[in-house]
Amino acid sequence: DQQVKQNSPSLSVQEGRISILNCDYTNSMFDYFLWYKKYPAEGPTFLISISSIKDKNEDGRFTVFLNKSAKHLSLHIVPSQPGDSAVYFCAALLNDYKLSFGAGTTVTVRA
Amino acid sequence: NAGVTQTPKFQVLKTGQSMTLQCAQDMNHNSMYWYRQDPGMGLRLIYYSASEGTTDKGEVPNGYNVSRLNKREFSLRLESAAPSQTSVYFCASSDGLEQFFGPGTRLTVL
């Protein structure tokens, strides 16, 4: 049973506009939520995280929002750039450092 | 620093054959992990090792064994490969929140 769900398999956005990626989870015991970015033929790389006690974390063009009551988080990328075209995975962490991943959202940034 | 390295990059096996996937990290991390990635499924944890000398099952351990050879190396063994084990395998290491991933091994079992 998947505890982390990304219901949008793909997203297409114009360069310079905002990309919004969504993620839902079922386990209220998760301590942290992370976003990973993956290019083809490479391993995932860490992008940004948020603690379960926060509702927002920002790092440059990337902002993650957490709504605990809705068990929902989102990643905003502003402005979107061609190099942002990749697969984005939402992941959630329990206190024993095991990650549960969503299925991923493929982002395509159009010029 | 090379980070996390995995060998081989690609492998084709016949059903019933065995093989070992190798993983090494040079970041002095205590924890190491093996994941598999399948289309539409994200990454699923196979086994992990919280520290040298310890290993634990993850979400999908059946058909696999692991060895934490030392602090640097964590290998994944398929004793009798099955077509259902066709996947991309990622090794990762961490010493905290962020996990660092290797480039992956693409395995096909015919």
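The model shown is predicted, which means the values in this text are computed figures rather than measured ones.

1. Points about the overall build of chain A
Phase 1 of the analysis: From N to C terminus, chain A includes zero helices and 11 strands.
Phase 2 of the analysis: For chain A, the N- to C-terminal ordering of α and β elements is β-β-β-β-β-β-β-β-β-β-β.
Phase 3 of the analysis: Taken along the three principal axes of its C-alpha coordinates, chain A extends 40 × 30 × 20 Å.
Phase 4 of the analysis: Among the 111 residues that make up chain A, the fraction classed as buried is 43%.
Phase 5 of the analysis: For chain A, long-range pairs separated by at least 24 residues make up 53% of all intrachain contacts whose partners lie at least 6 apart in sequence.
Phase 6 of the analysis: By element, 48% of the accessible surface of chain A is carried by carbon and sulfur atoms, the whole surface being about 5500 Å².

2. Some remarks on the interface of chain B and chain A
Phase 1 of the analysis: Each partner contributes residues to the interface: chain B has 17 residues there, and chain A has 20 residues.
Phase 2 of the analysis: Summed over both partners, the interface of chain B with chain A buries about 1500 Å², with 64% contributed by carbon and sulfur atoms.
Phase 3 of the analysis: Summed over the three residues of chain B that lose the most area to chain A, namely Leu43, Leu97 and Phe101 of chain B, the buried surface amounts to 36% of that side.
Phase 4 of the analysis: There are zero salt bridges connecting chain B and chain A.
Phase 5 of the analysis: Of all the secondary structure elements, the ones that give two or more residues to the side of chain B that touches chain A are strand S4 (31–38), strand S5 (42–49) and strand S10 (99–101) of chain B.
Phase 6 of the analysis: With four residues, the single largest contributor to the side of chain B that touches chain A is S5 of chain B.

3. Considerations on the pattern of salt bridges
Phase 1 of the analysis: With the rule as written, the count across this model stands at five salt bridges over all chains.
Phase 2 of the analysis: We note a salt bridge from aspartate 84 of chain A to arginine 61 of chain A, for which the minimum N-O separation is 2.7 Å. With aspartate 84 of chain A in the loop between strand S8 (72–77) and strand S9 (86–93) and arginine 61 of chain A in the loop between strand S6 (56–59) and strand S7 (62–67), the pair connects residues that are 23 residues apart, well separated along the chain.
Phase 3 of the analysis: What makes aspartate 84 of chain A buried here is its relative accessible area of 2%.
Phase 4 of the analysis: Taking the shortest distance from any N to any O, the salt bridge between glutamate 79 of chain B and arginine 77 of chain B comes out at 3.1 Å.
Phase 5 of the analysis: Judged by relative accessible area, glutamate 79 of chain B falls into the partly exposed class, the value being 43%.
Phase 6 of the analysis: Via salt bridges that share partners, Lys37, Arg61 and Asp84 of chain A belong to a single interconnected network.

4. Some thoughts on the packing of aromatic side chains
Phase 1 of the analysis: By the definition in use, this model includes 13 aromatic pairs over all chains.
Phase 2 of the analysis: Ring plane angle 75° and centroid distance 6.2 Å describe the contact between phenylalanine 101 of chain A and phenylalanine 101 of chain B, whose orientation is recorded as edge-to-face. Here phenylalanine 101 of chain A, found in strand S10 (residues 99–101), pairs with phenylalanine 101 of chain B, found in strand S10, and the two come from separate chains. Comparing phenylalanine 101 of chain A with phenylalanine 101 of chain B shows no difference in burial state: the two are buried.

5. As for the state of the cysteines
Phase 1 of the analysis: Following the criterion strictly, the structure yields two disulfides over all chains and no others.
Phase 2 of the analysis: At a sulfur-sulfur separation of 2.0 Å, the disulfide partner of cysteine 23 of chain A is cysteine 90 of chain A. On the sign convention where negative means left-handed, the S-S torsion of about -75° between cysteine 23 of chain A and cysteine 90 of chain A marks this disulfide as left-handed. Of this pair, cysteine 23 of chain A sits in strand S3 (residues 19–25) while cysteine 90 of chain A sits in strand S9; the two residues are 67 residues apart in sequence, bridging distant segments of the chain.
Phase 3 of the analysis: With relative accessibility at 0%, the residue cysteine 90 of chain A sits in the buried group.
Phase 4 of the analysis: Bridging cysteine 23 of chain B to cysteine 91 of chain B, the disulfide has an S-S length of 1.8 Å.

6. Notes on the sheet that holds S3 of chain A
Phase 1 of the analysis: Read from one edge to the other, the open sheet built from five strands follows the order S1-S3-S8-S7-S6 (chain A), with strand pairing classed as antiparallel. Pairing within the sheet leaves two strands with one partner each, and these edge strands are strand S1 (4–5) and S6 of chain A.

7. Some thoughts on the nonpolar core
All names here are of chain A.
Phase 1 of the analysis: By size, the foremost hydrophobic cluster in this structure holds 23 residues, and its most contacted members are Phe33, Trp35, Leu73, Leu75 and Tyr88.
Phase 2 of the analysis: Within the residue set of this core, elements represented by two or more residues are S3, strand S4 (32–38), strand S5 (45–51), S7, S8, S9 and strand S11 (105–110).
Phase 3 of the analysis: No other element matches S9, which puts four residues into this core.
Phase 4 of the analysis: Ignoring any residue separated from it by four or fewer positions in sequence, one finds phenylalanine 33 in contact with Tyr25, Ile48, Ser49, Ile50, Ser52, Leu66, Leu73, Ala91 and Ala92.

What counts as what
Residues numbered from 1 in each chain as written. Chains lettered and ligands numbered in written order. Predicted model: local features only at pLDDT ≥ 70, side-chain atom pairs only at ≥ 80, totals over all residues. Heavy atoms only, no water. Helix = DSSP H or I, 4+ residues; strand = E, 2+ residues; numbered from the N terminus. Buried < 20%, exposed > 50% of the residue type's maximum accessible area, 1.4 Å probe, protein only. Contact = heavy atoms within 4.5 Å. Areas by Shrake-Rupley, 256 points an atom, 1.4 Å probe, with all protein chains shown as cover. Buried area = accessible area lost by both parts, 1.4 Å probe. Salt bridge = Lys/Arg side-chain N within 4 Å of Asp/Glu carboxyl O. Phe/Tyr/Trp six-rings, centres within 6.5 Å; stacked < 30°, edge-to-face > 60°. Disulfide = S-S within 2.5 Å. Pairing = 2+ DSSP bridges. Core = buried A, V, L, I, M, F, W, Y, C linked by side-chain atoms within 4.5 Å.

Geometry only, nothing functional implied.
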